[in-house]
Amino acid sequence: GDRMIRKNRRPTCPTNPKRSGVDLNRNWGVHWVKAHGPCDEEEYEGTAPFSEPETQALKAMVEAQAFLVAINMHSYGSMLTRPYNWKTSHPEVKPEDEIIYNEFAQ
């Protein structure tokens, strides 16, 4: 069965409820682009940036704090993604950061 669920459970696809939901990783305001339909199997970004209560809550929390650092572990695909993965070309990773990414990967 479907043990991993990538999206929230918002009912976005009445014709195929299994395809419903919003990919919360794509529901942020930074470089938000309307690229997928509400029945997209994995990557529907929602109707607008921060359209979902989950991202609204995180946005409010972040804005209320003075964080010095944040780490985002992307557990769905058993992977660690680097910042700016929306870009088509990526900046070089500093050697000291590459060591950290490699340690996480092991």
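Here's a quick rundown of the structure. (Residues numbered from 1 in each chain as written. Predicted model: local features only at pLDDT ≥ 70, side-chain atom pairs only at ≥ 80, totals over all residues. Heavy atoms only, no water.)

Right, let's talk about the packing of aromatic side chains for a bit. A full pass over the atoms with the stated rule returns one aromatic pair. Here Lys59 stacks its cationic end above the ring of Phe50, 5.3 Å away from the centre of that ring. (Phe/Tyr/Trp six-rings, centres within 6.5 Å; stacked < 30°, edge-to-face > 60°. Lys NZ or Arg CZ within 6 Å of the ring centre and 35° of its normal.)

With respect to the secondary-structure elements, Lys7 resides in the segment before helix 1 (53-64). At 5.7 Å, Asp40 is the nearest oppositely charged side chain to Lys7, a buried residue that forms no salt bridge. One polar contact links the side chain of Lys7 to the main-chain carbonyl oxygen of Arg19, over a distance of 2.6 Å. A distance of 3.5 Å separates the side chain of Lys7 from the backbone oxygen of Ser20, its partner in a polar contact. Excluding anything up to four places from it in sequence, Lys7 contacts Arg19, Ser20, Gly21, Val22, Asp23, Asp40, Glu41 and Glu42. (Helix = DSSP H or I, 4+ residues; strand = E, 2+ residues; numbered from the N terminus. Buried < 20%, exposed > 50% of the residue type's maximum accessible area, 1.4 Å probe, protein only. Lys, Arg positive; Asp, Glu negative; His and termini not counted. Salt bridge = Lys/Arg side-chain N within 4 Å of Asp/Glu carboxyl O. Polar contact = N/O pair within 3.5 Å; in protein donor to acceptor, adjacent residues only side chain to side chain. Contact = heavy atoms within 4.5 Å.)

Despite not being glycine, His31 shows a phi value in the positive range, around 55 degrees. Inspection of the secondary structure puts His31 in the segment before helix 1. The residue Phe50 is not glycine, and still its phi comes out positive at about 60 degrees. Along the chain, the position of Phe50 falls in the segment before helix 1.

Locating Glu45 in the fold gives a position in the segment before helix 1. In this structure Glu45 comes out as buried when scored by relative accessible area, which is 1%. Glu45 sits 22 residues away from Asp23 along the chain, and the two C-alpha atoms are 5.5 Å apart. Each residue touching Glu45, except ones within four places of it in the same chain, is listed here: Val22, Asp23, Arg26, Asn27, Trp32, Val33, Lys34, Ala35 and His36. At 2.9 Å, the side chain of Glu45 forms a polar contact with the side chain of His36.

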